[in-house]
Amino acid sequence: MHRLFRPALRSLSLLALTLGLSACGTFNAGLRPGGFTTVVIDAGHGGKDSGESPNQYLKEKEVALDTAKRLQPLLRDSGLRVVMTRTSDYFVELDDRVAIADRYYPNAILVSIHYNASPSHAPRGVQTFFWRPDSYGLATRVQRHLIGESGLENRGVTRRVLRLTHSPRVPSILCECGFLTNRDEANLVSNPAFRQKIAQGIADGVLEEQEQGDVNIGSLPPLERRVIPRPSYTHHTGRRHRATMSRDHSRKGTSRHKGRTKTRATAKSKRKKPRES
Ligand SMILES: [Zn+2]
């Protein structure tokens, strides 16, 4: 081969390698090790939105906030920047929670903390929701550690369109850390030491994902049989929030307001700048 062609050939080889790696990258949409430096912690509900259902033993907005505040130092002390969407009992619109997370794109993840409720007292367990393919590893690791720390039943990792799993530009998960309508689980959650375990489980999952990314996570599971590709306003299994607060569009026939796509502006939300620590 003529010497003059060699540099050109080398350039072509490099180009092909680069394109090849890029193409491979499209197959692996997960987080890479060290893939984020900021964690936006979202304590569910707040203010006028208590997250309550009639047969619930504890106020969700209170235990969600407490758990979020326990999670904050665990992540901060491990070297991550932490942003809270709320730090006390005030209401934050879901869109504002999304906007807060998006401010830290592309180096952030969003972790939304909730406790579940059901019309029946029977359901129990922990479940983590995600939608984006790059959030599956995070959801898997957090769910695994949540189960390990809490000892609660494993309801699994579920891919579902929710406002906080679908709308943010950053990897996002929503954790349902036990049923407040189940007497045993509500009793556990009422104990601060148990909420510390919940926070520790979430922290361990987040830190493991930060360190390892999606290595050895496996491929994305198939979608649920029926997924409506429209962000729902609530997430709780089998619960309907009050109409003025939110509407569930994810479940057929559960809402009197089925079909509407906007929440009613019943009151202006108190907006506070996210706190960093
Ligand atoms: Zn909730």
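This structure is a prediction, so every number in the text was calculated from the model and none was measured. (Residues numbered from 1 in each chain as written. Predicted model: local features only at pLDDT ≥ 70, side-chain atom pairs only at ≥ 80, totals over all residues.)

## Some words on the overall build of the protein chain
Going by this rule: Secondary structure elements are taken from DSSP: a helix is a run of H or I of four residues or more, a strand is a run of E of two residues or more, and numbering for both begins at the N terminus. Note on burial: count the other C-beta atoms lying within 10 Å of the residue's C-beta; 20 or more is buried, 12 or fewer is exposed, in between is partly exposed, and C-beta positions come from the backbone. Our contact criterion uses C-beta atoms placed from the backbone: two residues qualify when those atoms are within 7 Å.
When helices and strands are tallied, the protein chain shows seven helices and seven strands. From first element to last, N terminus to C terminus, the protein chain shows the α and β order α-β-α-β-α-β-β-α-β-α-β-α-α-β. A total of 277 residues make up the protein chain; the buried ones form 43% of that total. Considering only contacts in the protein chain between residues 6 or more positions apart, those separated by 24 or more positions represent 79%.

## Describing the packing of helix H4 (residues 136-150) against helix H7 (residues 192-212)
Note the cut-off: Under this scheme, a helix contributes an axis fitted over its contacting stretch, all axes are lines through C-alpha atoms, and angles between N-to-C directions fall in the 0 to 180 degree range. The handedness criterion is simple: a crossing whose near helix is rotated anticlockwise from the far helix by less than a right angle is left-handed, and one whose near helix is rotated clockwise is right-handed. Gly falls in the polar group here, along with every residue not listed as nonpolar (Ala, Val, Leu, Ile, Met, Phe, Trp, Tyr, Cys, Pro) or charged (Asp, Glu, Lys, Arg).
At their nearest, the axes of H4 and H7 sit 7 Å apart, and the two run at 145° to each other. Seen along the crossing, H4 lies across H7 with a hand that is right-handed. Contacts between H4 and H7 involve Gly137, Leu138, Arg141, Val142, Arg144, His145, Leu146, Gly148, Glu149 and Ser150 on the former and, on the latter, Lys197, Ile198, Gln200, Gly201, Ile202, Asp204, Gly205, Val206, Glu208 and Glu209. Here the residues of the contact of H4 with H7 sort into six nonpolar, seven polar and seven charged.

## Section: the packing of helix H2 (residues 60-76) against H7
Quick reminder of the rule: Geometric relationships in this document are graded by angle, where less than 35 degrees denotes roughly parallel, more than 145 denotes roughly antiparallel, 65 to 115 denotes roughly perpendicular, and other angles denote oblique.
Close contact between H2 and H7 brings their axes to 8 Å; oriented N to C, the two are set at 50°. Classified by the interaxial angle, the pair formed by H2 and H7 is oblique. The handedness of the crossing between H2 and H7 comes out as right-handed. Along the contact surface, H2 presents Val63, Asp66, Thr67, Arg70, Leu71, Leu74 and Leu75, while H7 presents Arg195, Gln196, Ile198, Ala199, Gln200, Ile202, Ala203 and Val206. In the contact of H2 with H7, the residues fall into nine nonpolar, three polar and three charged.

## Re unusual backbone geometry
Of the consecutive residues tyrosine 105 and proline 106, the connecting peptide bond is found in the cis state with omega at 5°. Position of proline 106 relative to the elements: it lies in the loop between helix H3 (94-102) and strand E3 (108-116). A positive phi angle is found at histidine 45, which is not glycine, with a value near 65°. The class for histidine 45 is buried, based on 26 C-beta atoms found within 10 Å. The phi dihedral of asparagine 216 falls on the positive side, at around 65°, and the residue is not glycine. Its 7 C-beta neighbours within 10 Å are what place asparagine 216 among the exposed residues.

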